[in-house]
There are 4 protein chains.
Amino acid sequence: MRLSVDPSRDPSAYDHKHRIRVRFCETDAMGIVHHSRYLPYLEETRVSYLRHIGHPYSENQAAGIDYGVLEQWIQYIRPLRFDEEVDVHMVVAGGTRTTFEIAYLLTVGVDVRSVAVTVHGAMSATGKPTRLPAWLAEIGAQRNAAK
Amino acid sequence: MRLSVDPSRDPSAYDHKHRIRVRFCETDAMGIVHHSRYLPYLEETRVSYLRHIGHPYSENQAAGIDYGVLEQWIQYIRPLRFDEEVDVHMVVAGGTRTTFEIAYLLTVGVDVRSVAVTVHGAMSATGKPTRLPAWLAEIGAQRNAAK
Amino acid sequence: MRLSVDPSRDPSAYDHKHRIRVRFCETDAMGIVHHSRYLPYLEETRVSYLRHIGHPYSENQAAGIDYGVLEQWIQYIRPLRFDEEVDVHMVVAGGTRTTFEIAYLLTVGVDVRSVAVTVHGAMSATGKPTRLPAWLAEIGAQRNAAK
Amino acid sequence: MRLSVDPSRDPSAYDHKHRIRVRFCETDAMGIVHHSRYLPYLEETRVSYLRHIGHPYSENQAAGIDYGVLEQWIQYIRPLRFDEEVDVHMVVAGGTRTTFEIAYLLTVGVDVRSVAVTVHGAMSATGKPTRLPAWLAEIGAQRNAAK
């Protein structure tokens, strides 16, 4: 496994917060959000983060760089339910020249519901691994140095 | 509305049958298959039909033709539940030079659960409406003549 | 078909507007939002409307009433793409003692992308058709009178 | 993390195989299967396995036992594409009195595409952790002994 980070359960350990309201279609017959539906929440949060720091996804596409998900891990602590407002906290938690790792904490109010990690790799339009853009490699390097 | 066909509730009115087992992730907190999840069943059935008649989807892609969904309609008669085996019956129900219409009947055993219609348009790689391939225009024309 | 309304393409014909940003996971290999993914947009908009008029979904659940989708129809006029902000306009367009119909218009800026209709039925906890709550029957009756 | 198993890339290390054909709706605008869509493949394979060994999901439900996903991890090695036939290999890889772990290998022909692990906990109807049924605890215990 490439995953190296153990996500904190303390919201103050994260850089960015994005709020998502649970859709009815995301629930399953157990009455809770289906475990596969957390991944789109993480993705929406990443897109929100990129927009927030001034490097929207469209900029990457224009530069011919895409980011593939190489690996992901989620721990489900307490379930999410329809219409709850979920705060997804995220932080870029490290990186290499071609990959970076993100840690997540999902809370509803002060209640911890889930922690997660995703690992991403930069790819050219033809799917080849490629170097991260300088601004993103910089974020990862700062995090690595802080460990 | 472009929809012109009223789908029969008699399986013998259909040309092709494709069986799908309901996935747990397709249910919602009401304990039934979410209404948005029927559309992938119809799509999987269309792909199965194209393969069955010797014109697999890959052939269309190779020819630079794609099919966009222009319109769809579903009537939910009785709900579908987890692990049920659904027979999706379909028939090409008519067409024009650039579009075709498909009717569907969803049954579980002899029990009718749903009827549906989809309307599709052929498009070039750049998204422009284009003429249907001859074999498909032919199927639509035969259906039109039979009405 | 129960559908009786033809949705207007004029936003001023609608009562409520809800904005949704397209998620990456909602796109398909044609590079556009998959046609099945519009239904959750309509559903999220209904939930937003109920909250807006002071009758949140939780109130219905507490009263033992659920709403099943009986029928739906969507016309796809121009595709939706990743990260677009979609305004979903909706209006309760009519009703009976046990059902109601909603019309929708999807726009991005001034650009019309889609129109849709859904038909819903009130059900008891055991799935039996039941009368609409008075406030909802009233909205449908006003609409019927205005036609 | 509870995950303790490192999934083998050798199909012969697995007990059960389930074949799934990729649906078009499971692809995204990168032209590959969206990373969130692997989890339903794993789930469908678990259901197939339970049916195969004579303990279908309905039996568990009748016994008032449900299985929650506590944790999952997926490594994406090479992408999956529309219409590919994916073999999902799985094996119960260990367990405790209330939880069990499953390892997965996804292949297309001889080509390895992904490995994954899920961790599950038995729960009563009210969501409380409960002991696994004897037959399932036995499978986990045999695996633990073989390590």
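Above this note sits the structure.
Rules used in this analysis
- Residues numbered from 1 in each chain as written.
- Chains lettered and ligands numbered in written order.
- Predicted model: local features only at pLDDT ≥ 70, side-chain atom pairs only at ≥ 80, totals over all residues.
- Heavy atoms only, no water.
- Buried < 20%, exposed > 50% of the residue type's maximum accessible area, 1.4 Å probe, protein only.
- Helix = DSSP H or I, 4+ residues; strand = E, 2+ residues; numbered from the N terminus.
- Pairing = 2+ DSSP bridges.
- Polar contact = N/O pair within 3.5 Å; in protein donor to acceptor, adjacent residues only side chain to side chain.
- Axes fitted to C-alpha atoms, helices over the stretch in contact; angles between N-to-C directions.
- Contact = heavy atoms within 4.5 Å.
- Nonpolar A, V, L, I, M, F, W, Y, C, P; charged D, E, K, R; others polar.
- Least-squares fit on C-alpha atoms with pLDDT ≥ 70 in both.

Trainee: Would you mind going over the pairing of strand S5 (residues 111-123) of chain C with me for this structure?
Mentor: Within a regular strand, side chains alternate between the sheet's two faces. The buried fraction of S5(C) is high, at 12 of 13 residues. Between strand S4 (residues 99-108) of chain C and S5(C), which follow one another and run antiparallel, lie two residues, and C:Gly109 among them has a positive phi close to 60°.

Trainee: Could you clarify how one ought to interpret the pairing of strand S5 (residues 111-123) of chain D in this entry?
Mentor: All names here are of chain D. Of the pairings in the sheet, the one linking strand S2 (residues 66-76) to S5 comprises 10 bridges and is antiparallel in character. By the bridge assignment for S5, isoleucine 74 is matched with alanine 116. The pairing of strand S4 (residues 99-108) with S5 spans 10 bridges and is classified as antiparallel. Residue pairing across strands places tyrosine 104 opposite alanine 116, the latter belonging to S5.

Trainee: Looking at this model, I keep getting lost on the environment of B:Thr96. Mind explaining?
Mentor: All names here are of chain B. Within the secondary structure layout, threonine 96 lies in the loop between strand S3 (85-95) and strand S4 (99-108). Linking threonine 96 and isoleucine 77, residues 19 residues apart in sequence, is a C-alpha distance of 30 Å. Engagement of the side chain of threonine 96 in a polar contact is seen with the side chain of threonine 99, the distance being 2.7 Å.

Trainee: Looking at this model, I keep getting lost on the sheet that holds strand S2 (residues 66-76) of chain B. Mind explaining?
Mentor: Two orientations exist for strands paired in a sheet by backbone hydrogen bonds: parallel and antiparallel. Pairing is antiparallel across the open sheet formed by 10 strands, whose spatial order is S1(B)-S3(B)-S4(B)-S5(B)-S2(B)-S2(C)-S5(C)-S4(C)-S3(C)-S1(C). The open sheet terminates on both sides in strands that have one partner only, identified here as strand S1 (16-21) of chain B together with strand S1 (16-21) of chain C. Taken over all neighbouring pairs, the strand axes of this sheet differ in orientation by 25° on average, direction set aside. Where S2(B) meets strand S2 (residues 66-76) of chain C, five bridges bridge the pair, whose relative direction is antiparallel.

Trainee: Sorry, what's going on with the side chain of A:Arg23 here?
Mentor: As for its placement among the helices and strands, A:Arg23 is situated in the loop between strand S1 (16-21) and helix H1 (38-52). A distance of 2.9 Å separates polar atoms of two side chains, one belonging to A:Arg23 and the other to C:Glu26.

Trainee: What exactly am I supposed to notice about the interface of chain C and chain B here?
Mentor: For an interface, size is often stated in terms of accessible area lost upon the parts coming together. Tallying the contact residues gives 23 residues for chain C and 23 residues for chain B. At the boundary of chain C and chain B, one finds 11 residue pairs in polar contact (both at pLDDT 80 or more). Among the secondary structure elements, those contributing two or more residues to the side of chain C that touches chain B are helix H1 (38-52) and S2 of chain C. Element by element, the count of residues in the side of chain C that touches chain B is highest for S2(C), at 10 residues. Partitioned by chemical class, the residues of the side of chain C that touches chain B number 13 nonpolar, five polar and five charged.

Trainee: Looking at this model, I keep getting lost on the sheet that holds strand S4 (residues 99-108) of chain A. Mind explaining?
Mentor: Taken in spatial order, the 10 strands line up as S1(A)-S3(A)-S4(A)-S5(A)-S2(A)-S2(D)-S5(D)-S4(D)-S3(D)-S1(D) in an open sheet, and their pairing is antiparallel. Edge positions in the sheet fall to S1 of chain A together with strand S1 (16-21) of chain D, since each of these pairs with one other strand and no more. Taken over all neighbouring pairs, the strand axes of this sheet differ in orientation by 25° on average, direction set aside. Of the strands in this sheet, S1, strand S2 (66-76), strand S3 (85-95), S4 and strand S5 (111-123) of chain A together with S2 of chain D touch H1(A), which is tilted by about 135° from S1(A). Packed on one face of the sheet, helix H3 (residues 134-146) of chain D meets S2, strand S3 (85-95) and S4 of chain D and runs near 85° to S3(D).

Trainee: I'm lost on the relation of the copies chain A and chain D in this one. Help?
Mentor: The two chain copies are related to each other by a rotation about an axis together with a translation along it. When chain A is brought onto chain D, the operation consists of a screw motion whose angular component is 180° and whose axial shift is 0.0 Å, with 0.0 Å RMSD remaining. Such a turn and shift between the copies fits a two-fold axis. For chain A, the residue whose C-alpha comes nearest the rotation axis is A:Trp73, separated from it by 2.1 Å. A share of 100% of the interface residues of chain A reappears at the interface of chain D, consistent with the copies meeting face to face through the same patch.

Remember, this is a structural readout, not a statement about activity or role.
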